[in-house]
2 protein chains.
Amino acid sequence: MSREIIKKEINNQLNPNISVDCVIFGFDGKELHVLLIDRENELKNVVSAHALPGNLVYDHENLNMAAERVLKELTGLTSIYLEQFGAFGDPDRIKKKEDQPWLKSVRTNPNARVVTIGYYSLIRMSDYELNPSSFAKFAKWIPLKEILNLPFDHFKILNSSIEYLRSNTKIRPIGYNLLPEKFTLNEMQKLYEAIFNKKIDNRNFRRKIINLDVLDKLAEKQEGVAHKPATFYKFNVVKYESYIEKGFFKFEF
Amino acid sequence: MSREIIKKEINNQLNPNISVDCVIFGFDGKELHVLLIDRENELKNVVSAHALPGNLVYDHENLNMAAERVLKELTGLTSIYLEQFGAFGDPDRIKKKEDQPWLKSVRTNPNARVVTIGYYSLIRMSDYELNPSSFAKFAKWIPLKEILNLPFDHFKILNSSIEYLRSNTKIRPIGYNLLPEKFTLNEMQKLYEAIFNKKIDNRNFRRKIINLDVLDKLAEKQEGVAHKPATFYKFNVVKYESYIEKGFFKFEF
DNA sequence: TTACTTAATGTCATTTTAACGTTTATGAAT
DNA sequence: ATTCATAAACGTTAAAATGACATTAAGTAA
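Thresholds applied
- Residues numbered from 1 in each chain as written.
- Chains lettered and ligands numbered in written order.
- Predicted model: local features only at pLDDT ≥ 70, side-chain atom pairs only at ≥ 80, totals over all residues.
- Heavy atoms only, no water.
- Helix = DSSP H or I, 4+ residues; strand = E, 2+ residues; numbered from the N terminus.
- Buried < 20%, exposed > 50% of the residue type's maximum accessible area, 1.4 Å probe, protein only.
- Contact = heavy atoms within 4.5 Å.
- Areas by Shrake-Rupley, 256 points an atom, 1.4 Å probe, with all protein chains shown as cover.
- Near = heavy atom within 4 Å.
- Polar contact = N/O pair within 3.5 Å; in protein donor to acceptor, adjacent residues only side chain to side chain.
- Nonpolar A, V, L, I, M, F, W, Y, C, P; charged D, E, K, R; others polar.
- Axes fitted to C-alpha atoms, helices over the stretch in contact; angles between N-to-C directions.
- Parallel < 35°, antiparallel > 145°, perpendicular 65-115°, else oblique.
- Core = buried A, V, L, I, M, F, W, Y, C linked by side-chain atoms within 4.5 Å.
- Least-squares fit on C-alpha atoms with pLDDT ≥ 70 in both.
- Pairing = 2+ DSSP bridges.
- pLDDT = per-residue confidence, 0-100.
- Buried area = accessible area lost by both parts, 1.4 Å probe.
- Salt bridge = Lys/Arg side-chain N within 4 Å of Asp/Glu carboxyl O.

Caption draft 1: Representation of the overall build of chain A. Secondary structure assignment for chain A yields eight helices and ten strands. Scored against the burial criterion, the 253 residues of chain A give a buried share of 52%. Contacts in chain A between residues far apart in sequence, at least 24 positions, make up 71% of those at least 6 positions apart. As displayed, chain A offers around 13000 Å² of accessible surface, 49% of which is attributable to carbon and sulfur atoms.

Caption draft 2: Spotlight on unusual backbone geometry. The backbone phi angle of Phe-152 of chain A is positive, close to 50°, even though this residue is not glycine. Here Phe-152 of chain A shows up in the loop between strand 7 (136-143) and helix 5 (154-171).

Caption draft 3: Spotlight on the protein's contact with DNA strand D. Near DNA strand D, the surroundings consist of 21 residues, among which Asp-201, Lys-208 and Ala-226 of chain A together with Arg-206 and Thr-231 of chain B are the closest. Within 4 Å of the protein, the atoms of DNA strand D are drawn from sugar and phosphate moieties in a proportion of 46%. Asn-202 of chain B is positioned such that a nitrogen or oxygen atom in its side chain is 3.3 Å from a base nitrogen of DNA strand D. Lys-228 of chain B places a polar main-chain atom, nitrogen or oxygen, 3.4 Å from a sugar or linking oxygen of DNA strand D. When contributions to the surface near DNA strand D are tallied by element, the ones reaching two or more residues are helix 7 (202-211) of chain A together with helix 7 (202-211) of chain B. Per-class residue counts for the surface near DNA strand D are six nonpolar, six polar and nine charged.

Caption draft 4: Region of interest: the packing of helix 6 (residues 185-196) of chain B against helix 7 of chain B. Residues and elements named next belong to chain B. Where helix 6 meets helix 7, the closest approach of the two axes is 10 Å, and the angle between their N-to-C directions is 105°. When the axis of helix 6 is compared with that of helix 7, the two are roughly perpendicular. Contacts from Leu-185, Asn-186, Met-188, Gln-189 and Tyr-192 in helix 6 reach Asn-202, Phe-205, Arg-206, Ile-209 and Ile-210 in helix 7. Looking at the contact of helix 6 with helix 7 residue by residue, the class counts come to six nonpolar, three polar and one charged.

Caption draft 5: Quick look at the protein's contact with DNA strand C. Looking at DNA strand C, there are 22 residues lining it, with Asn-202, Arg-203, Arg-206 and Thr-231 of chain A together with Lys-208 of chain B nearest. Within 4 Å of the protein, the contacting atoms of DNA strand C are 49% sugar and phosphate, with bases supplying the remainder. Arg-206 of chain A has a polar side-chain atom sitting 2.8 Å from a phosphate oxygen of DNA strand C. One of the backbone nitrogen or oxygen atoms of His-227 of chain B is found 3.1 Å away from a base oxygen of DNA strand C. Looking at the surface near DNA strand C, the elements with two or more residues in it are helix 7 of chain A together with helix 7 of chain B. Partitioning the surface near DNA strand C into residue classes produces six nonpolar, seven polar and nine charged.

Caption draft 6: Seen up close, the environment of Leu-212 of chain B. Residues and elements named next belong to chain B. By secondary structure assignment, the location of Leu-212 is in the loop between helix 7 and strand 9 (215-221). Since its relative accessible area comes to 19%, Leu-212 is described here as buried. As for Leu-212 and Tyr-243, which are separated by 31 residues in sequence, their C-alpha atoms are 8.0 Å apart.

Caption draft 7: How the structure looks around the nonpolar core. Core analysis: the biggest nonpolar cluster contains 66 residues, and Ile-24 and Ile-117 of chain A together with Ile-24 and Ile-117 of chain B have the highest contact counts within it. In this structure, Ile-24 of chain B is in contact with His-33, Val-34, Leu-35, Leu-71, Leu-77, Leu-82, Ser-121, Ile-123 and Trp-141 of chain B, ignoring residues within four places of it in sequence. Core analysis: the next-biggest nonpolar cluster, separate from the first, contains 41 residues, Phe-88, Leu-158, Leu-178 and Phe-205 of chain B among them.

Caption draft 8: Quick peek at the relation of the copies chain A and chain B. After a rotation of 180° and a shift along the axis of 0.0 Å, chain A superposes on chain B with an RMSD of 0.1 Å. Such values leave the two copies arranged in the relation of a two-fold axis. Of the C-alpha atoms belonging to chain A, the one lying closest to the rotation axis is found on Gly-86 of chain A, 2.8 Å away. Taken as a fraction of all interface residues of chain A, those also at the interface in chain B reach 100%, which identifies the copy contact as same-surface.

Caption draft 9: Region of the structure containing the pairing of strand 2 (residues 32-39) of chain B. All names here are of chain B. Most of strand 2 is tucked away, with eight of its eight residues classed as buried. Both faces of strand 2 are covered, namely the face carrying Leu-32, Val-34, Leu-36 and Asp-38 and the face carrying His-33, Leu-35, Ile-37 and Arg-39. With three bridges joining them, strand 1 (residues 14-27) and strand 2 adopt antiparallel strand pairing. Bridged to Gly-26 within strand 2 is His-33. With seven bridges connecting them, strand 2 and strand 7 (residues 136-143) associate as antiparallel partners. Within strand 7, the position partnered with Leu-35 by the bridge is Trp-141. Both strand 2 and strand 3 (residues 50-51) contribute to a ladder of two bridges, which runs antiparallel. In the sheet register, Ile-37 faces strand 3, and the bridge partner there is Ala-51.

Caption draft 10: Representation of the confidence of the model for chain A. Residue and element names in this part refer to chain A. Residue-level pLDDT values for chain A average 88, and 89% of them are 70 or greater. Here helix 1 (residues 2-11) stands out as the least confident element of chain A, with mean pLDDT 48; strand 5 (residues 83-88) is the most confident, with 98. Below a pLDDT of 50 lies the segment residues 1-8, which in the model reaches zero contacts outside its immediate sequence neighbourhood of four places, other chains included.

Caption draft 11: Structural view of the interface of chain A and chain B. Across the contact, 42 residues belong to chain A and 42 residues belong to chain B. Across the chain A to chain B interface the summed buried area is about 3900 Å²; carbon plus sulfur atoms make up 67%. Where chain A touches chain B, the interface holds zero salt bridges. Seen at the junction of chain A and chain B, the total is eight residue pairs in polar contact (both at pLDDT 80 or more).

Take a look at the structure:
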């Protein structure tokens, strides 16, 4: 009976050894941004104040669930598809002097070794509203190119997520699960250009993505834009999954 | 003083919440094998007795180091390049009834939630000798196609590693870091065929891999083979790294 | 109505890909 | 020494894909 009470309490505690960090890429049609939080009790150094949203995991949570919860708790973002990109477990990652104040103020066991599982997503910034809470004082979109330094090993985690995003984007078209359900090809092209930091010819891009035959062209077009309205497309689920499955049999590198 | 003693003891303890599992692919020129261990105190069911080599992590270890240690302790394999492919953290993954006996006999805290980081490698089987020890009674190469079931979520982990290997192989030529330093193109081709489970035309393969211009053709040839001896190749490090860097700027999917 | 802005589109030369069979060079057996 | 078996190495052709390039179409704002 008293054993059972102890067990329930354990399940409601954050595990001091396991955390998740979320890299949320935001796109505004021009460049990639990353969602960072300002945490309470930070030093005055504005640059290093920004951190990836992250926190410890409950023992009853699977990792994906934990990432969604943490993201919601710190930034207010919900209903976002999160994909795991790696684990970070250097014991020294929490030993930087400048990171100690925050650790000591927020963690019950600030000296515990922490393994962090990284999750990432990609969203259209204008579709979401940020609501920072818990130990997140602010939540902001920072242009990726302006991020030069982050606390702990967050800069390393960020770079790993970029690399993962790029690798994935080379294997399959970007957007499935990540972009909004309907999108314009121009939006998609600009996203590719932002990810690879390279200009792509529009005619070539359209030919290639359309020839993949994984998109459905909608009847709907943009409205209220001071230029020719673009047509919306969406992924055809059956065709996309067939393309992915077939992909394994195609010899290429 | 007594604090310091306590600290050192903690660092020498296995962390009950964090483990690593190793998926070692072995290649014999025909098909992929996976290195599995038979563990002590197993049930008689031979199929489910096999498991991936894995164990808990020390708090002073980074994850890669831990994977190398665990692999060495359980199988005797050393000097193997290990690459991380994912984290597995479903709280229910250790709750299968048939897995309890082993957990209880080997783990000091068999009910702790465990997050496992998966590492994989690919080796030429004939280059290594297995030496099982610790709780590994046997270590064996099992053909990948014969593996239908594994304890815990090891089958899921195995499938994830295969998928990761395939994805990587679509982005860059296989072998760098993984294959032995020198290898024949025929060996490489057969490896591709094994990974993708698809026949590849030799002429097409050779043209493509050679045109990548990341390999150096050696003067050395096979010896003691009852057929025309194949020429050895090796990766040219400078060219390979240049190819990888350039790859990011190439628009393709 | 005009100006501005961006969406959508096709052609051509070059490169890459998919499909296909024969010659060459070893070790083993006779 | 010769034969056999085995796999290594190799080129051609038609089709598909790629890279480079500019003009017309459709909305809003002035």
